[in-house]
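Chain and residue survey
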Amino acid sequence: MRVIIEEDYEAMSKKAALLVASQINLKPNAVLGLATGETPLGMYRQLIKMYRKGEIDFSEVITFNLDEYYRLPPDNSRSYHYYMQENFFNHINIHPGNTHLPDGMAADIDEECSRYEEMIRQNGGIDLQILGVGSNGHIGFNEPAERLNVTTHLVSLTEETIRANSRFFNSPDDVPRKAVSVGIATILKARRIILLASGRNKARAIKKTVNGYVDTKVPSSLLQTHPEVTLIIDQEAASLL
Ligand code: GLP
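Now for a look at the structure at hand.

So, on to helix α7 (residues 203-211). Here α7 has its buried residues at Ala 203, Ala 205, Ile 206 and Thr 209. Along the axis of α7, the buried residues cluster in a sector spanning 160°; they form a single face. The outward face of α7, more than 90 degrees from its buried face, is lined by the exposed residues Arg 204 and Asn 211. In this structure, the buried side of α7 is in contact with β9 (192-197) and β10 (229-234).

This is how it looks when you write it as structure tokens:
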């Protein structure tokens, strides 16, 4: 596991964008695994800037997002579908048909989970997976538990995650209690993984990700078993290392 400590959020975001850009320049039809939340917003802004300057071409890029809330329609401004359009896809030349998120509205969720997993497989798997991390160590929406789901699945969110994500909603009561998330093996099968973390409230999770035991109660610690993981974190997130 490689750990890159940057001065602040801006520097972290620039570094991450550069790594994504080099992946795309190396393989124009790269398959990217994308994350939502507050952390990758700066990286998306940098990638949009690079696109506008003609430094990246997304026309052949394929993306798969990690997760989506259960039963939150894509046109709801809190959905991850909406987030991706607003913060990234609407500003670059990606083909809409090449962008994928789990469908939390699907009538048959089990079937949707299998379909999503199969689609990733058919596209040759993820070349570069971008991850954020929850303050409890969740990645995607793989929450701390005795046992972790291997593939895409419906998950019940923990109280800690509901509280943390309530900042995007009017109140904690409005946060969906469930989400569809790729599984831990879906993530670990990616050829390369970049995990981003910023701020003091991530320091504990980062410490356990890097130095702790591999423990399903800290899902991010499983990244220690992957040969190509780079953590790009700011000084505050690195403060307990
Ligand atoms: C959310 C997402 C994760 C994200 C994490 C951290 O619940 N499902 O993919 O990495 O929580 O979010 P943030 O970057 O806003 O701290």
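Turning our attention to the site of the ligand. What surrounds the ligand is a group of 13 residues, the closest being Glu 38, Thr 39, Asn 165, Arg 167 and Lys 202. Contact distances for the ligand include 2.7 Å between an oxygen atom and a backbone N or O atom of Glu 38. Within the side chain of Lys 202, one N or O atom sits 2.6 Å away from an oxygen atom of the ligand. Across the complex, the protein chains shield 95% of the 390 Å² of accessible surface that the ligand would expose by itself. Under a 2 Å grid-point criterion requiring more than half of the atoms, the pocket assigned to the ligand is the largest pocket. Residue composition of the shell around the ligand, grouped by class: three nonpolar, six polar and four charged.

With the rule as written, the count across this model stands at 11 aromatic pairs. Here the aromatic rings of Phe 88 and Phe 89 are separated by 5.9 Å at their centres, their planes lie at 35°, and the arrangement is tilted. Pair check on accessibility: Phe 88 and Phe 89 agree, each one buried. Three or more aromatic residues joined by ring pairs make a cluster, and in this case those are Tyr 44, Tyr 51, Phe 58, Tyr 69, Tyr 80, Tyr 83, Phe 88, Phe 89, Phe 141 and Phe 169.

The subject of this paragraph is the layout of surface pockets. It is a probe the size of a water molecule, rolled over the atoms, that shows where empty space is left. By volume, the largest pocket amounts to about 530 Å³. Along the walls of the largest pocket sit 29 residues, with Glu 38, Thr 39, Val 133, Arg 167 and Lys 202 positioned nearest its centre. Examining the composition of the lining of the largest pocket, we find that four residues originate from one element, helix α5 (residues 159-165), more than from any other. Along the lines of polarity and charge, the residues of the lining of the largest pocket split into 10 nonpolar, 14 polar and five charged.

The subject of this paragraph is the pattern of salt bridges. A full pass over the atoms with the stated rule returns six salt bridges. Measuring nitrogen to oxygen at the nearest pair gives 2.8 Å for the salt bridge that ties Arg 115 to Glu 112. Remark: Glu 112 and Arg 115 occur in helix α4 (residues 109-122); sequence separation between them is three residues, near one turn of the helix. On the basis of relative accessible area, Glu 112 is assigned to the buried category, the value being 6%. Put simply, Arg 121 and Glu 118 hold a salt bridge, and the shortest N to O gap is 2.8 Å.

Reading the values: rules and limits
- Residues numbered from 1 in each chain as written.
- Predicted model: local features only at pLDDT ≥ 70, side-chain atom pairs only at ≥ 80, totals over all residues.
- Heavy atoms only, no water.
- Buried < 20%, exposed > 50% of the residue type's maximum accessible area, 1.4 Å probe, protein only.
- Helix = DSSP H or I, 4+ residues; strand = E, 2+ residues; numbered from the N terminus.
- Arc of directions from axis to C-beta.
- Contact = heavy atoms within 4.5 Å.
- Near = heavy atom within 4 Å.
- Polar contact = N/O pair within 3.5 Å; in protein donor to acceptor, adjacent residues only side chain to side chain.
- Areas by Shrake-Rupley, 256 points an atom, 1.4 Å probe, with all protein chains shown as cover.
- 1 Å grid on protein atoms, 1.4 Å probe; cavity = no way out; pocket = protein on both sides within 12 Å on 5 of 7 lines; lining within 4 Å.
- Sits in = over half its atoms within 2 Å of the grid points.
- Nonpolar A, V, L, I, M, F, W, Y, C, P; charged D, E, K, R; others polar.
- Phe/Tyr/Trp six-rings, centres within 6.5 Å; stacked < 30°, edge-to-face > 60°.
- Points joined across faces, edges and corners; volume = space filled by probe spheres on them.
- Salt bridge = Lys/Arg side-chain N within 4 Å of Asp/Glu carboxyl O.

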